[in-house]
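Chains, contacts and geometry: an overview
The chain contents come next:
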Amino acid sequence: MSEPKAPTPAPGDTYKGWLFKWTNYIKGYQRRWFVLSNGLLSYYRTQAEMGHTCRGTINLATANIAVEDSCNFVISNGGTQTYHLKASSEVERQRWITALELAKAKAFRMQAESDDSGDDSTPPATGQGAGSRNSEVQSTLRTLGSKVEDLSTCNDLIAKHGSALQRSLSELEGVRLGGETSEKIRQVTERATLFRITSNAMINACRDFLALAQTHSKRWQKALQAEREQRVRLEETLEQLAKQHNHLERAFRGATVLPASQSNPAIDSKGPVSGKGDASDEDEENEFFDACEDVQEFITVPADPKYHRRSGSNVSGISSELGMDDGTTSLDEQSLASNPESPQSQELVPVRKRRTRIPDKPNYSLNLWSIMKNCIGKELSKIPMPVNFNEPLSMLQRLSEDLEYYELLDRAAKCQSSLEQMCYVAAFTVSSYSTTVHRTGKPFNPLLGETFELDRVQESGYRSLCEQVSHHPPAAAHHAISERGWTLRQEIALASKFRGKYLSIMPLGSIHCIFEKSTNHYTWKKVTTTVHNIIVGKLWIDQSGEIDVVNHKTGDRCHLKFAPYSYFSRDVARKVTGVVTDKDGKAHYVLSGTWDEKMEYSRVMQSSRRGENGADGRQKTVYQTLKAKELWRKTPLPEGAENMYYFSTLALTLNELEEGVAPTDSRRRPDQRLMEQGRWEEANAEKQRLEEKQRTVRREREREANRAASPSEEGGHQDNYKSMWFEQLVDPVTGEPTHIYKGGYWEAKEQGNWDSCPDIF
């Protein structure tokens, strides 16, 4: 069904879900899948039809939304299309109404602003003030219509008299000079006089029309501006009310929660997201999500008291395996307390004092739009950007920050159970995002061959090495090894797109974690990061998507879901939920928390399925769990972090100068060092020099490769770059080509032999 193209409001105006639509008197209400996006409400018979068959679309910019009763509402665009809809509950209906009203207001505003020719269609006026304004407009339109009719009449008279005058003049030319001459001249004079009078009347009518149009044009402009300002105020008020409503609901739930001994935190999880994209493509200002997707995919309830006693029962397969009750020490505390080498029982004294401050960030102004307007839709890594957008760390250093909470892997290495170990690995994957919540600065793009070492063996028992192994597309390889029995390696390539008001960053590549004692091998991928309010407003970060942590040795799996932020969601912001299952799909642990604060786990004692319930029609799993225990909690930021780019304690030490590091280490990068010192103009000049030097080296390398190639291969624009410390292989676990550490770096550092390192700075 064809509809006029609607204006494009914020991509955040997206809402999906099941509603019941009236079809006819025979079939009555039928269940349909509705999608609200870009000011258009479309519906499908099933979710699968979204890719190919739309059953109908209505433009909200000109639609009227009316509520009939607690669950029913009507959407109509003036008679040609009318949807009678019914929600499964009053709450769901209200959420749809809120989303529709906001989308309608934004669509109408965008249409008015983008239509230069002016749109004659106006929303129906209501109220006494609106009625008086409507009467005034009608009176003005009648006056203007009368003037237009006068102009039309004058135009006809001018045409008529002009033709007669032309005929008289023609006759005058053929008349002999004599008695008839004076008569013809008199006739010409009379007709010329009539023509002049009519012309003057037309000119006066045009003058009156112009004066009236100018007078009312100013009034209409003022009225239109007032209406726009009022609409903006109403939208802001509605948004504020939505936030307050959400806050009050959370406060109410917090005030009425049962004591910890009687209840277990319920863990919500939204339904699986579509494979057609990621949530970052849907957000801009406000995000709307499917009402029925908010229905819990699984529910946790306190386990039966019989499971709280030590028992030979093996209801879930874990109770007898671990032999603990709700009152005993947590699993990690129990396993670590019995091990004298545990990090909790053996404190390591740092051998050197690390810095706790860096120079405060200068307050430089920058016209953001003048730079970003040319970046829309482009790969951000290929666009030269000033350091004003950056933070004084490279992407390699940012990648090393994944080890901020390395203790989780230390604890995981001591676990006897692979399922318990999975909980700590999953918490580690979530903890790596906690440092990003306030970090809106862009890391420096590493130069090809740039490295960064993080040697914390004496302090924390691990050391890691990162190297930039590719420039286009940009990719970095990372290898970390710990004396506590674990190895972490990854190759991450970032795909980033600037989409107008937000920036999407999609990490590509797998992360591997291998434990020496158990030989358990875990892999997972990162979720999408979204930076909002790029052009207007305060920048803020969100993480959204799903992660599957897989143990390739045992088949255990943990499915984590990062819920996108939404003003209208009842859940806590930045929520993460997950379920740990064995190779047979049996649930053993439920995880819950937020990626910016903490994660908890609850042991599943029994699970059951419920029948269809609610508008979504899905079965839900009910997990009976023991009391939740804390896995991980974020360390508070250091004092004054807001003036130091919101760096964590670890991040403050990453760019600290150290003796013996490689000449290619990020600490030696001059533009990054100048920016940290607050000398941004010099940093920008140095950054341009380094980038031009890198381009020159790459062109020379390509020329050498082409000269060395056979005649049949010449002209292929080759680049024969090979990384110093990593080699590209096919990963035996994932089958993906990846760069794996080949050794030699730490030996070269010990010998102080850096002769083979390239000159990149």
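The structure under discussion appears in the preceding block.
Every chain is numbered on its own, with residues counted from 1 as its sequence reads. Residue-level local features of this predicted model are given only where pLDDT is at least 70; pairs of side-chain atoms are given and counted only at 80 or more, and the full residue set underlies all totals for whole chains, interfaces and linings. Here the side-chain values reflect all heavy atoms present in the structure, with hydrogen atoms and water set aside.

1. Considerations on the environment of A205
- Under the DSSP-based scheme used, a helix requires at least four consecutive residues in state H or I and a strand at least two consecutive residues in state E, with every element numbered from the N terminus. Of note, A205 is situated in helix α3 (residues 179-256).
- The spatial distance from the C-alpha of A205 to the C-alpha of K147 is 6.7 Å, given a sequence separation of 58 residues.

2. Quick look at the pairing of strand β12 (residues 462-470)
- Only protein chains enter the accessibility calculation, which uses a 1.4 Å probe; a residue whose area is less than 20% of its type maximum is buried, one above 50% is exposed, and one in between is partly exposed. For β12, a buried count of seven out of nine residues is recorded, marking the element as mostly surrounded by other parts of the structure.
- Two strands pair if DSSP finds at least two bridges between them. When strand β11 (residues 451-456) meets β12, the two strands line up antiparallel, connected through six bridges. Residue pairing in the sheet places T451 in a bridge with E467 of β12.
- Strand direction decides the pairing type here: β12 and strand β13 (residues 475-482), joined by eight bridges, are antiparallel. Bridge pairing in β13 places Y462 opposite S482.
- Here β12 folds back onto β13, and the loop between the two strands holds four residues.

3. A short note on the nonpolar core
- Within this scheme, the nonpolar core is defined by two criteria: the residues are buried Ala, Val, Leu, Ile, Met, Phe, Trp, Tyr or Cys, and they are joined through side-chain atoms within 4.5 Å. Counting 65 residues, the largest nonpolar core has W524, L560 and L591 as its most contacted members.
- Residue contacts are counted whenever heavy atoms from the two residues lie within 4.5 Å of one another. Filtering out sequence-adjacent residues up to four positions away, L560 remains in contact with A426, T429, V430, G545, E546, I547, V549, V576, T577, G578 and L591.
- Core analysis: the next-biggest nonpolar cluster, separate from the first, contains 20 residues, L19, I75, L85 and A99 among them.

4. A short note on helix α9 (residues 418-431)
- A rise of 1.5 Å per residue sets the reference length of α9, with its 14 residues, at 20 Å; its end C-alpha atoms lie 20 Å apart and thus fit the reference within 8%.
- Counting buried positions over the 14 residues of α9 gives 13, a clear majority of the element.
- Here α9 starts with a cap whose side-chain oxygen sits 3.2 Å from the backbone nitrogen of L419, and that cap is S417. Helices are assigned an expected span. That span is 1.5 Å times one less than the residue count. By the criterion applied in these results, polar contacts are pairs of N or O atoms within 3.5 Å in which, for protein atoms, one can donate a hydrogen and the other can accept it, and in which residues neighboring in sequence qualify only through two side-chain atoms.

5. Comments concerning the side chain of S460
- By the element assignment, S460 lies in helix α10 (residues 457-460).
- Judged by its relative accessible area of 10%, S460 is buried.
- Among the polar contacts made by the side chain of S460, one reaches the side chain of Y406 at a distance of 3.0 Å.
- Non-local contacts of S460, meaning those with residues more than four positions away in its chain, are made with Y406, D410 and R484.

6. What to know about the packing of aromatic side chains
- Pairing of aromatic rings covers Phe, Tyr and Trp, the last through its six-membered ring, and needs centres within 6.5 Å; plane angles under 30 degrees mean stacked, over 60 mean edge-to-face, and all others mean tilted. According to the stated counting rule, one finds 19 aromatic pairs in the structure shown.
- On the numbers, 4.5 Å between centres and 65° between planes, the contact of Y15 with W96 is edge-to-face. Residue Y15 is found in strand β1 (residues 15-24), and its partner W96 is found in helix α1 (residues 90-114); the two are separated by 81 residues along the sequence.
- Here the aromatic rings of W540 and Y565 are separated by 5.5 Å at their centres, their planes lie at 75°, and the arrangement is edge-to-face. Residue W540 is found in strand β19 (residues 540-551), and its partner Y565 is found in the loop between β20 (557-562) and β21 (575-581); the two are separated by 25 residues along the sequence.
- These aromatic residues form a ring-pair network of at least three members: W725, Y745, W746 and W754.
- Counting as a charge over the ring demands two things of the Lys NZ or Arg CZ atom: a distance within 6 Å of the ring centre and an angle within 35 degrees of the ring normal. A cation over an aromatic ring shows up here: K86 above the ring of Y29, its NZ or CZ 4.6 Å from the ring centre.
- The ring of Y433 is capped by K526, whose NZ or CZ atom sits 5.4 Å from the centre of that ring.

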